[in-house]
Amino acid sequence: MRIELKREGGPAYFPGLARPRSVDLERLPAEQAEALREGVRAARFFEQPPVVGATPRGAADTRRFTLTVEEEGRRHSVQLVEPVEEPRLHALLELVKQAAKALYRAHGGPGGSRGG
Amino acid sequence: MIHRPRHRHSIHCILPPYLARSIAQNGSDAQREKALRTLATDGTFRALRLAGSRTPPSSAVTRPRAMMVESARQRIIYDMGNSEAFPGTPVRFEGQPATDDIAATEAYDGLGATYDFFWEVFGRNSIDGDGMPLMAFVHYGKGYDNAFWDGKRMVFGDGDDDLFNRFTICMDVIGHELSHGVTEDEGPLWYFRQAGALNESLSDVFGSLVRQKVLGQTADKADWLIGKGLFTGNVEGEALRSMKSPGTAFDDDVLGKDPQPGHMRDYVRTWEDNGGVHINSGIPNRAFYLVASRLGGHAWERAGRIWYEALRDPRIKPDTNFLEFARITVMSATRLYGAGEEEDAVREGWEQVGIRVSRTGIRVPGLVGTVTQPSAEIGRAPSA
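No experiment lies behind these values; they were computed from the predicted model shown.

Calculation rules
Residues numbered from 1 in each chain as written. Chains lettered and ligands numbered in written order. Predicted model: local features only at pLDDT ≥ 70, side-chain atom pairs only at ≥ 80, totals over all residues. Heavy atoms only, no water. pLDDT = per-residue confidence, 0-100. Helix = DSSP H or I, 4+ residues; strand = E, 2+ residues; numbered from the N terminus. Axes fitted to C-alpha atoms, helices over the stretch in contact; angles between N-to-C directions. Parallel < 35°, antiparallel > 145°, perpendicular 65-115°, else oblique. Contact = heavy atoms within 4.5 Å. Nonpolar A, V, L, I, M, F, W, Y, C, P; charged D, E, K, R; others polar. Expected span 1.5 Å × (residues − 1). Buried < 20%, exposed > 50% of the residue type's maximum accessible area, 1.4 Å probe, protein only. Polar contact = N/O pair within 3.5 Å; in protein donor to acceptor, adjacent residues only side chain to side chain. Buried area = accessible area lost by both parts, 1.4 Å probe. Salt bridge = Lys/Arg side-chain N within 4 Å of Asp/Glu carboxyl O. Left-handed = near helix turned anticlockwise from the far one by under 90°.

**Notes on the confidence of the model for chain A**
For any part of a model where pLDDT is low, the fine detail of the predicted coordinates should not be relied upon. Residues at a pLDDT of 70 or more form 89% of chain A, whose mean pLDDT is 89. Mean pLDDT in chain A bottoms out at helix α3 (residues 87–108) of chain A, which sits at 84, and peaks at strand β5 (residues 74–81) of chain A, which reaches 97.

**Considering the packing of helix α8 (residues 282–295) of chain B against helix α9 (residues 303–311) of chain B**
Residue and element names in this part refer to chain B. Across the interface, α8 lies against α9 with an axial gap of 9 Å and an inter-helix angle of 140 degrees. Judged by the inter-axis angle, α8 sits oblique to α9. The segment α8 lies against α9, with F288, V291, A292 and L295 engaging A303, G304 and W307. Considered class by class, the residues forming the contact of α8 with α9 number 6 nonpolar, 1 polar and no charged.

**A closer look at unusual backbone geometry**
Across the junction of E82 of chain A and P83 of chain A, the peptide omega takes the value -5 degrees, indicating a cis bond. Counting through the fold element by element, P83 of chain A comes out in the loop between β5 and α3. Here the amide bond leading from G187 of chain B into P188 of chain B is cis, since omega sits at -5 degrees, within 30 degrees of zero. Among the structural elements, P188 of chain B can be located in the loop between α5 (171–186) and α6 (193–215). Phi at R44 of chain A is positive, roughly 50 degrees, even though this residue is not glycine. Considering the arrangement of structural elements, one finds R44 of chain A in the loop between α2 (30–42) and β3 (51–52). Unusually for a residue other than glycine, D61 of chain A sits at a positive phi of about 70 degrees. Positionally, D61 of chain A belongs in the loop between β3 and β4 (63–71).

**What about α8 of chain B?**
Residues and elements named next belong to chain B. Here α8 spans 20 Å end to end across 14 residues, near enough to the 20 Å set by a 1.5 Å rise per residue. Among the 14 residues of α8, 12 are classified as buried, and the element is accordingly described as predominantly covered. Listed in full, the buried residues belonging to α8 are G282, I283, P284, N285, R286, A287, F288, Y289, L290, V291, A292 and L295. The inward-facing, buried residues of α8 contact α6, β7 (241–242), α9, α10 (322–337) and α11 (341–352). One or two steps after α8, the chain reaches G296, where phi turns positive at roughly 70 degrees.

**Observations concerning the side chain of E106 of chain B**
Residues and elements named next belong to chain B. Tracing the chain through its elements places E106 in helix α4 (residues 102–122). Take E106: its relative accessible area is 17%, and that puts it in the buried class. At 2.7 Å, the side chain of E106 forms a polar contact with the side chain of T168. Among all residues touching E106, those that are not within four sequence positions of it are R166, T168, I169 and I174.

**Section: the interface of chain A and chain B**
The interface of chain A with chain B comprises 31 residues on the first partner and 39 residues on the second. The contact between chain A and chain B buries some 3000 Å² in all, and 49% of this surface belongs to carbon and sulfur atoms. Linking D145 of chain B and R63 of chain A is a salt bridge whose minimum nitrogen-to-oxygen distance equals 2.6 Å. Across the chain A-chain B interface, the total number found is 18 residue pairs in polar contact (both at pLDDT 80 or more).

**Structural notes on α4 of chain B**
All names here are of chain B. End to end, α4 covers 29 Å across 21 residues, agreeing with the expected 30 Å (1.5 Å per residue, within 8%). Taking burial as the measure, the 21 residues of α4 include 18 buried ones, the bulk of the element. Sitting at the head of α4, D101 places a side-chain oxygen 3.0 Å from the backbone nitrogen of A103. Following α4 by one or two positions, G123 adopts a phi angle in the positive range, close to 65 degrees.

**Looking at the environment of V78 of chain A**
Residue and element names in this part refer to chain A. Residue placement: V78 occurs in strand β5. For V78, a relative accessible area of 0% translates into the label buried. Separated by 24 residues in the primary sequence, V78 and A54 have C-alpha atoms spaced 13 Å apart. Setting aside chain neighbours within four positions, we find V78 in contact with F45, Q48, P49, P50, V52, F65, T66 and L67.

**Observations regarding the packing of α6 of chain B against α8 of chain B**
Residues and elements named next belong to chain B. Relative orientation of the contacting elements α6 and α8 amounts to 40 degrees, with a least axis distance of 8 Å. As summarised for this structure, α6 and α8 are arranged oblique, according to the angle between their axes. The two elements α6 and α8 meet at a crossing, and its hand is right-handed. From α6, A197, L198, S201, D204, V205 and L209 reach across to α8, where they touch P284, N285 and F288. When the residues that make up the contact of α6 with α8 are grouped by side-chain class, the tally is 6 nonpolar, 2 polar and 1 charged.

Written out as structure tokens, the structure is:
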């Protein structure tokens, strides 16, 4: 399974944070990879609509995250608009953010020590 | 063409004329001076708003405005306890003493400074001009690295301690978020492409002016940074944006390089960031800086007033672009101060970012005949 995370919005445009981050579960510790697989299942990710949530009228500086999951030949993207109120989707998003940050630190990030 | 159903603030967001006249007759010397100045400048704006209104003025008057009450700050700070489930717990109401929670204290003080700014400088009673309570929600989420305006309340995260400190740390960021509410109430400006960049820029302008006023800074002493102190020591950068030198606020291996342009020739066409609202806002930001710097003194007194009246102009549409906004600021300068230093400064400020406002005949909505007003065009003026 591979999960891509794309972040948009927030207080400023940061080119480094706007780049999609890809999480290959093969590269994660077994426990973390299993937590992500379970998170995808629990959130019924492949049954979710393309967009979950809506930016309130007049809102500014809010963020949205697009998760794309590839597994066994199928691929699905869901854009999550903050605040993500559905608890299982929220939990999945947090897991992916943590994994992306850890992978970025270990392998992809310039300097290898920090990551957004 | 965009048709707005009605303009909610055609005639009653500023001091009602009968009250101003009463103060001019019966008030103290200082009150009389302010009231007379208000009467002198408001007549033109009031007529323009009536002319631009889509509805008869009588239908717009639905409630009395509390413009001559004492400063009526109504602040409520909520502690989200690192949850994202509103409403959290109220921890401080207006007038209550500070707690030992620094984020709650900063939010309370920042809301107060922003309220005072709009009240003292523009005579505006809160976001809606009618004393709307100001609500801030602190400690939102876990390691949440953002602050946002959700259309009715301000929300602040604690930051992730890796890249970002707590978002209440910068008074101009608090002013920025609250100003989004003012723009939504007066405009609105769509949060997309140039209108969205104007929306962002107006929040930076008023956010910066809030901080400058608290610090008592003149335009030449201000740093014109937005979000100074927000980054942790891990980040190579001093702020989120620089109004003075867009594109120079940060250059970091994780965040990347500040992408803001300061001139139309560098305008960024993109679908990212709602069409570049936080990117191309550098252009009108720098125009404001240039105007304020040329006029000198306290930036909120003339440049800020001109921008505020432009925002309230009935010709502001949801899709107003840079050129249209530039033209409206020039007209605001002329109406407020006559043809002279202020109008020249505004015209030149825009020209230095590549937007030329020239005098040609255009029609003013609702008025018979054609009047001479500035129009705007993309210019190729050299960058300052």
